[in-house]
Structure formats: structure tokens, C-alpha cells
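# Coordinate inspection notes
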Amino acid sequence: MLFSQRMAGVRRSYIREILKVTARPEVISFAGGLPHPESFPVQAVAKAAADVLAESGPDALQYSTTEGFAPLREWIAARYRERHGIEVSADEVLITTGSQQALDLIGKVFLDPGDGLVVERPGYIGAIQSFSLYGPDFRPVTLTEKGLDCTELERVLKAGGVKAMYLVPSFQNPSGITYDLETRQKVAGLAAEYGALLVEDNPYGELRFKGGAIPPIRKFTTGPAILLGTFSKIVAPGLRVGWLVAPTEMRDKLVTAKQAADLHTSSLTQRIIHRFLTDNDLEAHIESIRSRYGAQRDRMVAAIHERFPAGVSCTEPEGGMFLWVTLPEGISARKLFEAALARNVAFVPGRPFYLEEVDNTFRLNFSNASLPAIDEGMDRLAACIREHLS
Ligand SMILES: Cc1ncc(COP(=O)(O)O)c(C=O)c1O
């Protein structure tokens, strides 16, 4: 009876468990969700940190407001206005300790046990874990190549009791799928029609290396909506700076929850990020990440087409860090994982991304491995799959 009931139904992160066994140096791992370390602007962050400390050291080291560093909130609001034509004011922005914290705060503020929560199928494991602490009734809706299956979504909404929907419409984790414009508009309409709070998480949106930009769903909705963002994938995840954008009444409640959680996100890292953003050419930096990940994605997709046996399919993402492989029905990705690990190559079996038993899918990360590692790792994986299917 030591632990709270709240913890009873919450699983440990399967990915973090997997990362322990895939950390051996001889393993080529496509399992993690890590950005490429060479994409981190180490020198520029070092200079930004030195400048911040030299110019406003005591303030950067002091306690600060829960809402976050005002100039950084301004910068974020301006980017929504300029890039997406979405009217966002700095007042609506709350800086969070990564967007992962935003998920926890949203769970705390909006979810009571039993509240219906639409999630994608497959869905982001970190969100499922985070929301699980608040006991919602998960209502998974299938993802198709074009985004959420809107017929299924409408059926789920019609059945009643849905309070919120958690969606990752661009280069989704784990599938790499991006909702097309029509699906975004339909989802926005359905969310508003049924009064479901739209929680739109967008950590990968800036990492598009193919195709044209599509605006966030929030642009089309007239209903309640919260947008999540992060600097983890365009600057560095170790700084732990993300944000949410919510109408002020909601934002106020989220601020209260954040006060109780951690008072505020590190003043120092917020200022370092802001300094980095204002003193450097962010577009050139993001472009270098895009071209790196684009080349790595192309190499991985080509390997799948050339070397994986017929009957195995994959998504072909236009951005982000992941792609999703589907094996023929009845083939277990968890068993394949064991065989792959014996050949020193790793991926994440798809099972934990679902709320029910589905075992014939897996996730491959293409952002973290070099091109030669992709060649070698995909060779090993292809051999394993061929053996497994024969
Ligand atoms: C969909 C999604 N949301 C949120 C996060 C958390 O990111 P962070 O807390 O680093 O901002 C991740 C990280 O991989 C993610 O894939």
C-alpha cells in the first residue's frame, strides 16, 4: 500500500527499457528517438550562454515567473503569426520544461478519471504514459496515410463522453504520417462540432524535407485548442525548453498547475535559447538539419524497397525522424526484435504504441544514425526479416 492507486495502471516506458539493451556499442540502433548529435549548435549555444551570463548573470540565475521569459514568449508568438498566419499573443504562451511537461499539465488540468480521450492509433507512447496518470478512457482512432480516419473519429465522438483529442498531425511519432489539408480541416470541424478540446502537439513540424508546408489544425478550428511546441528538435533536447499556447483562461489554470509542479522552467536555459535564436541564422540551422535527415530518410527508405521482402511495407515520411514498418499479418515484431538484437541491430516493436494487441509493426528512427550505419544496419535487418519470414 506504499504507492498511490494513480501509479497502478502506468507502465514504465518500454522505449527507455529497450534503450538499455540497445546501448551496447556494437548495436546499430534505430530504436531511440534522438536527434543527431552533430545537429546540435554547440559553439553557438556556448557563446549564447557566455553572453547571457556576462550581460544578465544574476537575473539568469534567479527565480523567475512561471509563465516564462517574456522575450522568448514574444519570439514564439511572432513565429506563429509569421509562419502560419495564426494570431497568437505572447500572453497565451506558457514556457514548459519540454513539451512532455505540457502533456502532464494538460492531463492534470483537464482530465478526470473516465473522461474520454481520443488518441491516435498508433500513438505517441510518452503521451499515453503521461495521460495514464489521470485515468482517462482512451479512445484510439486509426491513423491512415492521410491522417486520422475521420469516419472512425466521428463514430467515436458521436458515442459521447470525449473531452479531448491528442493529435500529432505532422511527421507523427511513431508513424511519420502527416495529416493532409483536407483531413486537418475535417478534424478541426469535428472537434468544434462535438466540443472536444483539441491538443495539437507539433515537435517535428519544422523538420520538413519534402513537399509543401501545411498549417496546424488549430488554424481551422473554432473550438477550444491548445498547441504544443518545443526547441528539442530544432535546437537541443537537453536544454528542456518547450511551450504551449492556450487561450488565457486555460493558460491561467495551466500556469497554476505548473507553479505546483516546478515553479518555472530554468531561467538560464530559456535565456540561452532566446539569445541563440536572436544571434544566429535559425533558418540556415534548421535547413542543415532538414538536409541531413532528408538524406538519411532517403537512404533508409531505399534500403527497405531494395532489400526487404515483398509483403513488408513502410510509410515514406516527408519530414521528422521516424518511419513505420508493417510486417505481414501474424508476424511478431517483438520476436523479430530479439532476432535483430542478436545481429546487433535494433528498432522499437510497435506494440506499446497501441492500447490493444497489435504486434506486426515497428518504428525505425532515421535521425540518429550516419549513412554508413544505415547501410549496414538495414542490411542486417533485411537479412533478419528474410529469415523470419521464410
Ligand atoms: C510527439 C512528441 N511529443 C512530445 C515529445 C517530448 O519532447 P520534449 O519534452 O523534448 O519537448 C516528443 C519527444 O520525442 C514527441 O515525439
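Since this is a predicted model, take the numbers as computed values, not measurements. Residue indices follow the written sequence of each chain, beginning from 1 at its first position. Confidence filtering applies because this is a predicted model: local features only for residues at pLDDT of at least 70, side-chain atom pairs given and counted only at 80 or more, and all residues used for totals across whole chains, interfaces and linings. As a rule here, side-chain values come from all non-hydrogen atoms in the structure, and water together with hydrogens is ignored.

Two aromatic rings, drawn from Phe, Tyr or Trp (for Trp, its six-membered ring), form a pair once their centres lie within 6.5 Å of each other, and the interplanar angle then sorts them: stacked below 30 degrees, edge-to-face above 60, tilted otherwise. Taken as a whole and judged by the stated rule, the model has nine aromatic pairs. Between Trp75 and Phe231, the aromatic rings sit 5.9 Å apart at their centres with planes inclined by 50°, giving tilted as the arrangement. Of this pair, Trp75 sits in helix H3 (residues 70-84) while Phe231 sits in the loop between strand S8 (225-230) and strand S9 (242-245); the two residues are 156 residues apart in sequence, bridging distant segments of the chain. Ring geometry for Trp324 and Tyr354: centres 6.3 Å apart, planes at 50°, overall tilted. On the criterion of sequence distance, the pair formed by Trp324 in strand S11 (residues 322-326) and Tyr354 in the loop between strand S13 (348-349) and strand S14 (361-365) is long-range, its members being 30 residues apart. Exposure remark for Trp324: the relative accessible area of 6% places this residue in the buried category. Counting from the N terminus, the helices are the DSSP runs of H or I reaching at least four residues and the strands are the DSSP runs of E reaching at least two. For every residue, the accessible area obtained with a 1.4 Å probe (protein chains only) is divided by the maximum for its type, and the residue is called buried under 20%, exposed over 50%, and partly exposed between those limits.

We now examine helix H8 (residues 248-262). To estimate how far a helix should reach, multiply one less than its number of residues by 1.5 Å. Along its 15 residues, H8 runs 20 Å from first to last C-alpha, staying within 8% of the 21 Å computed at 1.5 Å per residue. Buried within H8 we find Met250, Arg251, Leu254, Val255, Ala257 and Lys258. Between two residues, a contact is recorded if the distance between any of their heavy atoms is within 4.5 Å. Along its buried surface, H8 packs onto H3, strand S2 (93-96), helix H4 (98-110), strand S7 (197-201), S8 and S9. Where H8 ends, the next residue or the one after it, Leu263, has phi of about 65°, a positive value.

With that settled, the discussion passes to empty space enclosed by the protein. Method remark: on a 1 Å grid restricted to protein atoms, a set of points is classed as a cavity if a 1.4 Å probe fits but cannot get out and as a pocket if it is open with protein on both sides within 12 Å along at least five of seven lines; lining residues have an atom within 4 Å of a point. Grid points are joined across faces, edges and corners, and a volume is the space filled by probe spheres set on the points. Here the structure, examined in full by the defined rule, presents one cavity of 30 Å³ or more. The computed volume of the largest cavity comes to approximately 30 Å³. Around the largest cavity, the lining residues are Ile106, Phe110, Leu111, Leu117, Phe131, Ala164 and Val199.

We call a residue near a given molecule or strand whenever any one of its heavy atoms falls within 4 Å of it. Contacts to the ligand come from 14 residues, most closely from Ser99, Asp201, Tyr204, Thr230 and Ser232. Definition of a polar contact: a pair of N or O atoms within 3.5 Å, with one able to donate and the other able to accept a hydrogen when the atoms are protein atoms, and with sequence-neighbouring residues admitted only if both atoms are side-chain atoms. Between the ligand and Asn173 there is a distance of 2.8 Å, counted from an oxygen atom to a side-chain nitrogen or oxygen. Arg240 is positioned such that a nitrogen or oxygen atom in its side chain is 2.8 Å from an oxygen atom of the ligand. A molecule is counted as occupying a cavity or pocket when more than half of its atoms fall within 2 Å of that pocket's grid points. Structurally, the ligand is housed in the largest pocket. Here the shell around the ligand gets three residues from one element, more than from any other, and that element is H4. Each residue is assigned to one of three groups, with Ala, Val, Leu, Ile, Met, Phe, Trp, Tyr, Cys and Pro labelled nonpolar, Asp, Glu, Lys and Arg labelled charged, and all others, Gly among them, labelled polar. Here the residues of the shell around the ligand sort into five nonpolar, six polar and three charged.

Before going further, it helps to spend a moment on the packing of H4 against H8. The contact between H4 and H8 brings their axes to 9 Å, and the two run at 110°. Our classification of the angle between H4 and H8 gives roughly perpendicular. In this structure, H4 meets H8 at a crossing whose hand is right-handed. Contact residues: Gln101, Leu105, Ile106, Lys108, Val109 and Phe110 in H4; Met250, Lys253, Leu254, Ala257, Lys258, Ala261 and Asp262 in H8. Residues that form the contact of H4 with H8 fall into these classes: eight nonpolar, one polar and four charged. Structural elements are reduced to axes, namely lines fitted to C-alpha atoms, with helices fitted over the stretch in contact, and the angle between N-to-C directions of any two is expressed from 0 to 180 degrees. In what follows, roughly perpendicular refers to angles from 65 to 115 degrees, roughly parallel to angles under 35, roughly antiparallel to angles over 145, and oblique to any angle outside these ranges. Crossing handedness is read from the near helix: turned anticlockwise from the far helix by less than a right angle, it gives a left-handed crossing, and turned clockwise, a right-handed one.

Right, let's get into the nonpolar core. Nonpolar side chains in soluble globular proteins tend to end up buried together. What we call a nonpolar core is a set of buried Ala, Val, Leu, Ile, Met, Phe, Trp, Tyr and Cys residues that are connected through their side-chain atoms within 4.5 Å. The biggest cluster of nonpolar side chains holds 79 residues, and the ones touching the most others in it are Phe231, Phe308, Phe362, Leu364, Met378 and Leu381. Here this core gets eight residues from one element, more than from any other, and that element is helix H10 (residues 282-307). An automatic or database domain assignment is the source of the domain bounds shown. Both domains that meet at this core, namely domain 1 (5-41 + 284-389) and domain 2 (63-279), each give it at least three residues. Look past the residues within four positions of Phe231 in its chain and what remains in contact with it is Leu72, Trp75, Ile76, Ala236, Val241, Gly242, Trp243, Ile273 and Leu277.

Any functional reading would require information beyond the geometric quantities listed.
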